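Listed here are the chains, written in short residue letters.
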Amino acid sequence: MALTLQPLKPWLAVLGERRGRLLIGALLMLLTLLSALGLLTLSGWFITATAVTAALGAGAYLDVFTPGSGIRFFAVSRTLSRYLERLYNHDTVLRLLADLRGRVFRGLVTLDAATLGRARSSEWLNRLTADIDTLDNLYLRLLAPPLAALIAILGFAGFAMAFLPAAGVLLLAVLVPLWLVLTLGCACWGWQASYRRVDREERLRVRTIEQIDGLAELRAYGATGRHQALWQAEECELLADQRRLGWRTAAANALQTLGVQLAMLAVLLIGLFSFAAGDISGPVMVMMALGTLAVSEALGNLPMAFTKLGATVRAAQRLNAQMTLRTSLQGEPLTGGGQAPGLDYRDINVRLGGRNLYRYLSLSIHPGERVGIIGPSGCGKSTLADLAVRAFDPDEGCVSFAGRDLVGVDPASLRARIGYLTQRSELFHDTLAANLRIGDPQATDADLWRALERVELKTWADSLPSGLDTWLGEQGRQVSGGQARRIALARILLRNSPLVILDEPVSGLDSATAARIKAMLDVWLAGRTVLMLAHARNAMPACDRIGRLSPGEEGAHWVEE
């Protein structure tokens, strides 16, 4: 848990890809600070000069138009630059977050099931969302603001030095160390608590999901209370760290306020002595004092940002570890035409949870043959499909495609030859057309309509206000379960693969619709090699052979019916 910034290096390189936008955003931030300094200093000078001129009587003269115009300029520029800075920088950060998520997600989709199985899906999701969100602290709070604050301090100290060198030196002697305390000091002070917070928040999220998803099992085994106790203990530890960070941020903010106020008083005292000696005028004395107060705007947000530096570094460490993961499933691309291949399982076994899923199972599916497998949930039907697309390799035995051992085959080229309808109908927050084109990115609108007609969704899609351009909603929430299943099936039709794997192809459909879909599939599957998986024989189209996976103490075994 030692303080180190090394994990941020890869993500700083990502920021560098948008250095132009980041530079413009930093300049807008600096312009806002300089406008605030100019507004308060010039206002202080003008108000004091006006009072002095009035006290001198009728013979005194003061040009009110020039400073008045300057005050209006700084007021407008401060408002405008602040608005543009917030709008522009938040747009930049959202673009950066999209870049980061895209990069992390591209790494995730290349991983095999065994590698992904090292962590829960909620943990992968937490890295893709919460950890990347934490990194938005990097530019918006940790890079640009302290740099702009330091430039503002140095600039105002130089400005004060032009009128009164002693005041400029004093400002440097007080505000630069204060800037160091509010950045490096706060980073060290809040490091451990903020560093721990990232892991504790993830554990709390995981326990929350476990409590909801596993409530029935927890109640069945009488473990609800024990799990809640673990949940509450995790929550208490997280709250303790959050309180600790809150107190330390508040203390740093108090120190910042006190430091700026003391600097202002010191500048005012130096100004009073210089005014008494006739070295400066009264308006200049007030101008420097109020300008010192304006510096607090540059320093105000630093404590909160830097007490959370540990969380940013920890999130970067976790993402760095994830980005180094590589799938062990490598191989040479498949070559050859699109003829129906054979699929062979020879003496395969997969170990899950310390037990054998299969008992050296062997199954050969000849080119152009349809084989159906039925069996209860959990017997390993879907695992056979996952082995065929090389989601992972068996612990023992061999799976071959067109006579070639899959261990030597590149997974991407293998999956390009297979149409796989999984148990879940995965739909994305996009249009109907975009969801269908996952099956064939080159498909024309006419191809999409033909596929929809085959799965009996053409009339429904034609009735939609935007037709193929209708958005399906997050996870396809705008469509029913049966419609989602048929959209997923339409993607397989568009893919037009020589080997087709259908896992519960008519689940979620009423009996009449299921019968018509099975009849359509019976025609469309002609000449293809087919592996069909279902709970019962009547849940799949006609097959050349049907067998059952029967669970056993040593693993499931294949029995042909």
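Please refer to the structure higher up on the page.
Residues numbered from 1 in each chain as written. Predicted model: local features only at pLDDT ≥ 70, side-chain atom pairs only at ≥ 80, totals over all residues. Heavy atoms only, no water.

### Things to note about helix α15 (residues 381–388)
Okay, step 1: Taken across its eight residues, α15 has six buried, putting it largely inside the fold.
Okay, step 2: Among the residues of α15, Lys381, Thr383, Leu384, Ala385, Leu387 and Ala388 are the ones counted as buried.
Okay, step 3: Arg390 sits one or two positions beyond α15 and adopts a positive phi of about 55 degrees. (Buried < 20%, exposed > 50% of the residue type's maximum accessible area, 1.4 Å probe, protein only. Helix = DSSP H or I, 4+ residues; strand = E, 2+ residues; numbered from the N terminus.)

### Focus on the pattern of salt bridges
Okay, step 1: By the definition in use, this model includes 28 salt bridges.
Okay, step 2: Measuring nitrogen to oxygen at the nearest pair gives 3.1 Å for the salt bridge that ties Arg203 to Glu234. Taken together, the positions of Arg203 in helix α8 (residues 191–213) and Glu234 in helix α10 (residues 224–276) put the pair 31 residues apart, joining distant regions of the chain.
Okay, step 3: According to the relative accessible area criterion, Arg203 is partly exposed, its value standing at 38%.
Okay, step 4: Here the salt bridges share partners, and the residues they tie into one network are Arg127, Asp131, Asp199, Glu202, Arg314 and Arg318. (Salt bridge = Lys/Arg side-chain N within 4 Å of Asp/Glu carboxyl O.)

### Some thoughts on the nonpolar core
Okay, step 1: Counting 60 residues, the largest nonpolar core has Trp11, Leu175, Met288 and Leu299 as the members making the most contacts within it.
Okay, step 2: Here this core takes 12 residues from helix α6 (residues 137–163), the largest share from any one element.
Okay, step 3: Apart from the residues lying within four places of it in its own chain, the contact partners of Trp11 are Leu100, Val104, Leu135, Leu138, Ala316, Leu319, Asn320 and Met323.
Okay, step 4: With 42 residues, the next largest nonpolar core counts Ala443, Val455, Leu521 and Leu525 among its residues. (Core = buried A, V, L, I, M, F, W, Y, C linked by side-chain atoms within 4.5 Å. Contact = heavy atoms within 4.5 Å.)

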